[in-house]
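A closer look at the structure
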Amino acid sequence: MKIERIRIDKAKFDMVDFAKHPTGFSLVYEPGSRKPTSAYAIRIYTDDGVVGGYVGGNSISTAQVAMFGDYLIGKDPLQRELIYNDVKRQLRKFDKMGMGFVDIALWDLAGRVHDASIRTLLGGWKTRVPAYASTAAGDRNGGLDSPEAYADFAVACKELGYKAYKLHVWDVYEVSEVVETIAKVREAVGPEMDLMLDPGCKLETFAHAVQVGRACDEANFLWLEDPYKDTGISIFGHKRLRELIRTPLLQTEHVRGLEQHVDFVVGGGTDFVRADAEYDGGITGAMKIAHATEGLGLDVELHTPGPAQRQLMASLRNTNYYEMSFVHPKSSEIGRSQLIYADDYRDGLTAIGSDGCVPVPEGVGLGITYDWDRIEAHTVETIEYR
C-alpha cells in the first residue's frame, strides 16, 4: 500500500457568542457576536482505495505540511514510526506542529485497514473516560465575570455529573480577585470535587504565581497549570515555584516533543505532564510522552477534547481526566464540533453522562464519521500533494 494523494481543506465556520478578548488572545463570552473560525481537514488517499482523515490543525500545522508533503507520496502509510522520525528531522528547526496533523490521519487510516479502532490498535481497554469541566476564560459580559459566577458554574457542573472543574481566569485581573475565586469555588462545591487552575500563562510575575499558588494550597487544588508569563517553558522557574507551594504543577503544554518533555520532568519543573494528541507529534508522539512519563512514575494529562484524545486516553493507565474545554454557563457548546460530524459524536458542556464520563467511539480508526459534504461546502481553500 502506498500514499497516492493528500488533500487539505480549510473550511470556515462561525462561532456564536464568543469573541477574542480585547487583548487579542483569549476567547471570551460576548453575547450576540459571531466569530469566524477555521477548521482544517486532511485526507490521505492510498492506491488501495483506503482513506484516512482528521479534522483539527491550524494555519501553522498546515503550513509545515508543505515542508514534507511531497515526501509522503509513495510511502507506506502503515510505517508511522519511520514517517514520524523522518518528518521530525525535517522539522528540526521548527516546532514540529505539522507532524501530528498528519499522524492522526495515518492512525485513522490504519484503523480502517485493520478494521479496528485506534484504541484497539494501541491495546486500549477503556470504553468510557472521566471528564473535567474546563471553563472558558473569564469575561466581564455577564458570564464568568466574578468569583460568584465561577462558584455557581462549578456547582452546576457538579450537578451535571462532573467530578472535576478547572478555572481559566481573566486576562485583566487582580490577584486578590483570583485568590477570592479560588476560595469561593472550593467553598461552593465542597471537599470532594477535584479543582484545578490554569491561568494560561496570564499572571504577570513569578510573585503573582506564588500568591495564587498559595491560595490553591489553602483550597486543596489538584494542580496549578501554566501560571505566569514565562509562557510555561522555564524549568528553573517552575522548579523554584514547586519549592514554594504545595499544589502540584502541571506543565509542558507549551514545550514540543518527547525529549523536551522528559527534560522538563527530570529538571524538576513539573509534577503532572501535559501532552497533546496533535501538537506533540500526533498519537505516535503523545504515546511516547505518555510511556516516558509512566517510566518516571508520573501521570500524563491530555490537552483538549476530541476523538483522537478519547482513543488515546482509553489506552493509557497513567492518566486521570478528559479535558472538556471550553465550557461556559451561557453556552452548552463552543466551537464547531456539532458541524463537522455526521454521527452523534460531540463535545460540550452537556456531552457527559451522569457518571461524569464520555464514551470512547467504537468505530474503526478514530471511531467517528466526519460530515465531508458539509466541510467541503464551507471550504475556502484546498491544497493537494500528489
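First, a word on scope: everything that follows refers to the structure included in this document. Treat the numbers as computed from the prediction; the structure is a model and nothing was measured. All chains use their own residue numbering, which begins from 1 and follows the written sequence. A pLDDT threshold of at least 70 governs which residues receive local features in this predicted model, and a stricter bar of 80 or more applies before side-chain atom pairs are shown or counted, although totals over entire chains, interfaces and linings include all residues. Values shown for side chains rest on all heavy atoms present in the structure; no hydrogens or waters enter the calculation.

**Topic: the layout of surface pockets**
To be explicit about the condition: Think of a 1 Å grid over the protein atoms and nothing else: a 1.4 Å probe that fits but is trapped marks a cavity, an open set flanked by protein within 12 Å on at least five of seven lines marks a pocket, and residues with an atom within 4 Å of a point count as lining. Grid points are joined across faces, edges and corners, and a volume is the space filled by probe spheres set on the points.
Taken as a whole, the second largest pocket spans an internal volume of roughly 160 Å³. As for the second largest pocket, its lining consists of Arg-310, Asp-343, Asp-344, Tyr-345, Arg-346, Ala-351, Pro-359, Pro-361, Gly-367 and Ile-368.

**Let's talk about the sheet that holds strand S1 (residues 3-20)**
Selection criterion: DSSP calls a pair of strands paired once it identifies at least 2 bridges connecting them. Numbering goes from the N terminus for both helices and strands, where a helix is a DSSP run of H or I of at least four residues and a strand is a run of E of at least two. The convention used is that axes are lines fitted to C-alpha atoms, helices contributing only their stretch in contact, and that angles between N-to-C directions extend from 0 to 180 degrees. In what follows, residue pairs with any heavy atoms lying within 4.5 Å of each other are defined as contacts.
Taken in spatial order, the four strands line up as S3-S2-S1-S13 in an open sheet, and their pairing is antiparallel. Of all strands in the sheet, those with a lone pairing partner are strand S3 (51-56) and strand S13 (379-385), marking the two edges. If you compare each strand with its neighbour and ignore which way they point, the axes differ by 15° on average. Pairing between S1 and S13: six bridges, direction antiparallel. Directly across from Ile-6, in S13, lies its bridge partner Tyr-385. Seen against the sheet, helix H4 (residues 97-114) touches S1, strand S2 (27-46) and S3 and runs at an angle of roughly 140° to S3.

**Topic: the pairing of strand S4 (residues 128-135)**
Successive residues of a regular strand alternate their side chains across the two faces of the sheet. Operational definition: With a 1.4 Å probe rolled over the protein chains alone, any residue whose accessible area is under 20% of its type maximum counts as buried; one over 50% counts as exposed, and the rest are partly exposed. A crossover counts as right-handed when, viewed with the strands pointing away from the observer, the path leading from the first strand over the helix to the second turns clockwise.
Counting buried positions along S4 yields six of eight residues, so the element is predominantly enclosed. Pairing geometry for S4 and strand S12 (residues 357-359), over three bridges, is antiparallel. Within the sheet, the bridge partner assigned to Val-129 lies in S12 and is Val-358. In the sheet, S4 pairs with strand S11 (residues 322-327) via five bridges, with the strands oriented parallel. Residue pairing for S11: Ala-131 is matched across the bridge by Tyr-322. Across two bridges, the pairing between S4 and strand S5 (residues 164-167) is parallel. Considered in S5, the bridge of Ala-133 is made with Tyr-165. A crossover links S4 with its parallel partner S5, the connecting element being helix H6 (residues 147-160), and its sense is right-handed.

**Some remarks on the packing of aromatic side chains**
The cut-off we apply is this: Each Phe, Tyr or Trp ring, with Trp reduced to its six-membered ring, pairs with another whose centre is within 6.5 Å; inter-plane angles below 30 degrees give stacked pairs, above 60 give edge-to-face pairs, and intermediate values give tilted ones.
Here the structure, examined in full by the defined rule, presents 11 aromatic pairs. Relative to Tyr-29, the ring of Phe-18 lies with its centre 6.1 Å away and its plane at 70°, an arrangement referred to as edge-to-face. Placement of the pair is Phe-18 in strand S1 and Tyr-29 in strand S2, with a sequence separation of 11 residues. For Phe-18, a relative accessible area of 0% puts it in the buried group. When its relative accessible area of 7% is taken as the criterion, Tyr-29 is described as buried. Every member of this aromatic cluster is reached through a ring pair, and the members are Tyr-132, Trp-223, Phe-272 and Tyr-321.

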